[in-house]
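Close look at the chain arrangement
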Amino acid sequence: MSSPAVALTWLYVPGDRPEVVRKALGSGADVVIVDLEDAVAPDRKGYARTATAELLSDPVVVDASAVPVHVRVHGEDDVKALAGLPGLSGMRLPKITHAASVQHVAALAPGVPLYPLLESALAIEHAYSIAGSHHAVRGVALGEADLRADLGVRDDAGLDWQRSRVVTAARAAGLDPPVMSVYPDVRDLSGLRSSCAHGRDLGLLGRAAIHPRQLPVIERAFRPTSREVEAAQEILEASRTEAGAQALPDGRFVDAAVVATAERVLALARRR
């Protein structure tokens, strides 16, 4: 099972709650992430691993759900237990600091798409080498709660440089734009909306969620507006009529880079 071409919503669900995981598959999220790390108490790690392995081996779940299931693993035992299971679409790797760690997981789980999470100052320093560490890496993202604690950052805007750094590293490594980290206040939908808009301005695309009520807000925030779609269509239409760089009647300059951006906007608008 593969991820959608453009995934905007990624819903975290505790790995020790298999009934909630099954429910999440019908939540409308583009990707469901079974969390075996932060969301599971230490004394329930073993149960969460076993329950997740059973779920990802269940032919009813695998065949009936079109939603990709990723797992945020807690350690090597999780990687070994889950690699190769038919319902696994990817692994989220927390607290990665070096490319060698990613390469180690890739050797243990051949063929599994990997998504390193950068959650420390050291990880940010090595962002590009991590993003390009192995062909199995399909994306990188920040783990902002841990990163904020490591840096001593109090205000959310204090992470803007790190967000831009990871956006640049991902694109330099040929990966899709990073997904935003979770917004922890599940009732503050206005704040979530504003935060998503800011992340979009920084080049991030899509967001992880911790409650289904956050999904529609994230979806709307990252989908192109009708005006953006109209402008992209105008650019592509102009690019078909004349070769080379040109200016539209309203003064907008159009060249190959602008056309490529317009194509991405329309692809995102058509995603479903």
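Before any of the text, the structure's been laid out above.
Right, let's walk through the structure included here. As the structure is a computational prediction, the values presented were derived from the model and not from experiment.

This part covers the pattern of salt bridges. Under the defined criterion, the tally for this structure stands at 15 salt bridges. A salt bridge links Arg72 to Glu37; the nearest nitrogen and oxygen atoms lie 3.5 Å apart. Here the residue Arg72 occupies a position in strand E3 (residues 69-72), and Glu37 occupies one in the loop between strand E2 (31-35) and helix H2 (45-57), the gap between them amounting to 35 residues. For the pair shown, Arg72 and Glu37 are each scored as buried. Linking Arg163 and Asp160 is a salt bridge whose minimum nitrogen-to-oxygen distance equals 2.8 Å.

We now examine the packing of helix H10 (residues 189-201) against helix H11 (residues 215-222). Where H10 contacts H11, the two axes come as close as 9 Å, and the packing angle between them is 30 degrees. One way to sum up the angle between H10 and H11 is to call them roughly parallel. You can see that H10 and H11 cross each other, and the crossing is right-handed. Seen from H10, the contacting residues are Leu189, Leu192, Arg193, Cys196 and Arg200; seen from H11, they are Val217, Ile218, Ala221 and Phe222. Residue composition of the contact of H10 with H11, by class: 7 nonpolar, no polar and 2 charged.

Okay, the sheet that holds strand E5 (residues 114-118) next. One open sheet holds the 7 strands; their spatial order is E6-E5-E4-E3-E2-E1-E7, and the pairing between them is parallel. Edge positions in the sheet fall to strand E6 (141-142) and strand E7 (207-209), since each has one partner strand and no second. The pairing of E3 with strand E4 (residues 90-93) spans 3 bridges and is parallel. Considered in E4, the bridge of Val71 is made with Met91.

The next subject is the pairing of E5. Most of E5 sits inside the fold, with 5 of its 5 residues counted as buried. Burial of the side chains of E5 extends over both faces: Leu114, Pro116 and Leu118 are buried on one face and Tyr115 and Leu117 on the other. One ladder, built from 3 bridges, connects E4 with E5; its direction is parallel. Note that in E5 the partner of Arg92 across the bridge is Tyr115. Remark: the E4/helix H5 (residues 99-108)/E5 crossover connection has right-handed handedness. Strand direction decides the pairing type here: E5 and E6, joined by 2 bridges, are parallel. When the bridges of E6 are listed, Leu118 appears paired with Leu142.

The next subject is the environment of Leu192. Counting through the fold element by element, Leu192 comes out in helix H10. Once the C-alpha coordinates of Leu192 and Ile218 are considered, the two residues, 26 residues apart in sequence, prove to be 7.7 Å apart. Each residue touching Leu192, except ones within four places of it in the same chain, is listed here: Tyr183, Arg207, Gln214, Val217 and Ile218.

Thresholds, definitions, all that
Residues numbered from 1 in each chain as written. Predicted model: local features only at pLDDT ≥ 70, side-chain atom pairs only at ≥ 80, totals over all residues. Heavy atoms only, no water. Salt bridge = Lys/Arg side-chain N within 4 Å of Asp/Glu carboxyl O. Helix = DSSP H or I, 4+ residues; strand = E, 2+ residues; numbered from the N terminus. Buried < 20%, exposed > 50% of the residue type's maximum accessible area, 1.4 Å probe, protein only. Axes fitted to C-alpha atoms, helices over the stretch in contact; angles between N-to-C directions. Parallel < 35°, antiparallel > 145°, perpendicular 65-115°, else oblique. Left-handed = near helix turned anticlockwise from the far one by under 90°. Contact = heavy atoms within 4.5 Å. Nonpolar A, V, L, I, M, F, W, Y, C, P; charged D, E, K, R; others polar. Pairing = 2+ DSSP bridges. Right-handed = clockwise from strand over helix to strand, strands pointing away.

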